[in-house]
Amino acid sequence: MELGDRFRSGREFINKFLWIIGIPIFLNLTQLFSYQFIYKTNYLPITKLFTIKIGIIPAPPSVSFLLEDFPSPLFQYNNIRGLRGIIYEFNLFNVFLMITFILITSFISSGYFSVISAKEESRPGIRDFFINGNENWYKFFILHIIEFIPFALGIVNKRFAFLAIMNFIFMYVEYSIAVDGGRLNDNFKKGISFLFNNLGLTIKMAFYYGVIFSLLNIVVYLLGSLGTLGVITDIIILAYFGAIVNRAVLEVYTLISKYDVI
């Protein structure tokens, strides 16, 4: 499996349908401006010169993959600042707020995966994002609720927040939903089994694509130091390269799970 070929293929796909990067750009800008509006402060990333990044960027891609202190107005946990955000305790308002947030992001995730998994000849458009996103939103909603459980435990006791690292076992479930279809429990089985059956390949992708983002890190931190305009530029850069990697990983999943190509 030539990961370089998959990256080039992903780049060609995203270049043909460049509008797709508008989805993560919208999500990240909403997050940034909501934070700055609510807390009446401008976000300035923690200054770093270079960071080695090993891992596969989530889908839809977030600038927080590199800017680890990138703020979230509702809820956030990272190694730099711990638990932060409006939701820091359990009450009825926070529960409804979080469920609403997860509902919205689940629909967006469903639409995003529907367009990055589309065949080139189908020429996916914005209309497809909304129509196809409506088909699997409930699957992403259930998945995101499960993934939120460790964070919910972290609200009760901050010592439990580290359990979120266990969510890595679900990393291919979203790709299974997009590629395999069918029932959600089958998507969980296929996604988790794909991870453990191809753990070596997953680690290889984490290093290969991690090198790309490690190099991008230098540019991202330099731009971030310029203020809000620099952070916005970072968001656009990460949306572009992140979407390419998302498509590349999806192609890897499709080729191996459906055609047994190694």
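What counts and how
Residues numbered from 1 in each chain as written. Predicted model: local features only at pLDDT ≥ 70, side-chain atom pairs only at ≥ 80, totals over all residues. Heavy atoms only, no water. 1 Å grid on protein atoms, 1.4 Å probe; cavity = no way out; pocket = protein on both sides within 12 Å on 5 of 7 lines; lining within 4 Å. Points joined across faces, edges and corners; volume = space filled by probe spheres on them. Helix = DSSP H or I, 4+ residues; strand = E, 2+ residues; numbered from the N terminus. Nonpolar A, V, L, I, M, F, W, Y, C, P; charged D, E, K, R; others polar. Salt bridge = Lys/Arg side-chain N within 4 Å of Asp/Glu carboxyl O. Buried < 20%, exposed > 50% of the residue type's maximum accessible area, 1.4 Å probe, protein only. Core = buried A, V, L, I, M, F, W, Y, C linked by side-chain atoms within 4.5 Å. Contact = heavy atoms within 4.5 Å. Axes fitted to C-alpha atoms, helices over the stretch in contact; angles between N-to-C directions. Parallel < 35°, antiparallel > 145°, perpendicular 65-115°, else oblique. Left-handed = near helix turned anticlockwise from the far one by under 90°. Polar contact = N/O pair within 3.5 Å; in protein donor to acceptor, adjacent residues only side chain to side chain. Phe/Tyr/Trp six-rings, centres within 6.5 Å; stacked < 30°, edge-to-face > 60°. Lys NZ or Arg CZ within 6 Å of the ring centre and 35° of its normal.

Below, the discussion takes up the layout of surface pockets. Over the atoms, a rolling probe the size of a water molecule traces out where space has been left empty. One number sums up the size of the second largest pocket: a volume of about 570 Å³. Along the walls of the second largest pocket sit 27 residues, with S117, A118, K119, R247 and L250 positioned nearest its centre. In terms of residues, the lining of the second largest pocket owes the most to one element, helix α8 (residues 228–259), which gives seven residues. Per-class residue counts for the lining of the second largest pocket are eleven nonpolar, seven polar and nine charged.

Turning to the pattern of salt bridges, a few remarks are in order. Side-chain pairing between opposite charges can occur once the charged atoms of the two side chains come close. Evaluated as defined, the whole model comprises six salt bridges. Measuring nitrogen to oxygen at the nearest pair gives 2.5 Å for the salt bridge that ties K16 to E120. Residue K16 is located in helix α1 (residues 3–16), and its partner E120 is located in the loop between α3 (92–116) and α4 (126–156); the two are separated by 104 residues in the primary sequence. Close ionic contact of E251 with R247 constitutes a salt bridge, the shortest N to O distance being 3.1 Å. Of this pair, E251 and R247 both sit in helix α8, four residues apart, which is roughly one turn of that helix. Assigned by exposure class, E251 and R247 land together as buried. Among the ionic contacts, a cluster of salt bridges with common partners joins R6, R247 and E251.

Another point: the nonpolar core. Among the nonpolar cores identified, the biggest contains 62 residues, and Y172, M205 and Y209 are the most heavily contacted of them. Elements with a minimum of two residues in this core: α1, α2 (22–39), α3, α4, α5 (173–180), α6 (184–197), α7 (199–224) and α8. Among the elements that make up this core, the one with the highest residue count is α8 (15 residues). Non-local contacts of Y209, meaning those with residues more than four positions away in its chain, are made with L3, R6, F7, V245, A248 and V249. In terms of nonpolar packing, the next biggest core, distinct from the first, is built from five residues, M98, I102, F141 and A152 among them.

Here we come to the packing of α1 against α7. Viewed as axis vectors pointing N to C, α1 and α7 meet at an angle of 60°, and their least axial separation amounts to 11 Å. With respect to their mutual orientation, α1 and α7 come out oblique. The chirality of how α1 crosses α7 is right-handed. Contacts between α1 and α7 involve L3, G4, R6 and F7 from the first element and L201, K204, M205, Y208, Y209 and I212 from the second. Here the residues of the contact of α1 with α7 sort into seven nonpolar, one polar and two charged.

Inspection of the secondary structure assignment puts S106 in helix α3. Assessed through its relative accessible area of 0%, S106 is described here as buried. Only 2.6 Å separates the side chain of S106 from the backbone oxygen of I102, close enough to count as a polar contact. If near-sequence neighbours (up to four positions away) are discounted, S106 is found in contact with W137, F140, F141 and H144.

This part is about the packing of aromatic side chains. Enumeration over the complete set of coordinates arrives at 19 aromatic pairs. Here the aromatic rings of F107 and F130 are separated by 6.3 Å at their centres, their planes lie at 35°, and the arrangement is tilted. One end of the pair, F107, is in helix α3; the other, F130, is in helix α4, and 23 residues separate them in sequence. In this structure F130 comes out as partly exposed when scored by relative accessible area, which is 48%. Ring plane angle 55° and centroid distance 6.4 Å describe the contact between W137 and F141, whose orientation is recorded as tilted. Taken together, the residues W137 and F141, both in helix α4 and four residues apart, mark about one turn of the helix. When the ring centre of F65 is taken as reference, the NZ or CZ atom of K53 above it lies at 4.8 Å. Positioned above the aromatic ring of F13, the side-chain terminus of R247 is 3.8 Å from the ring centre.

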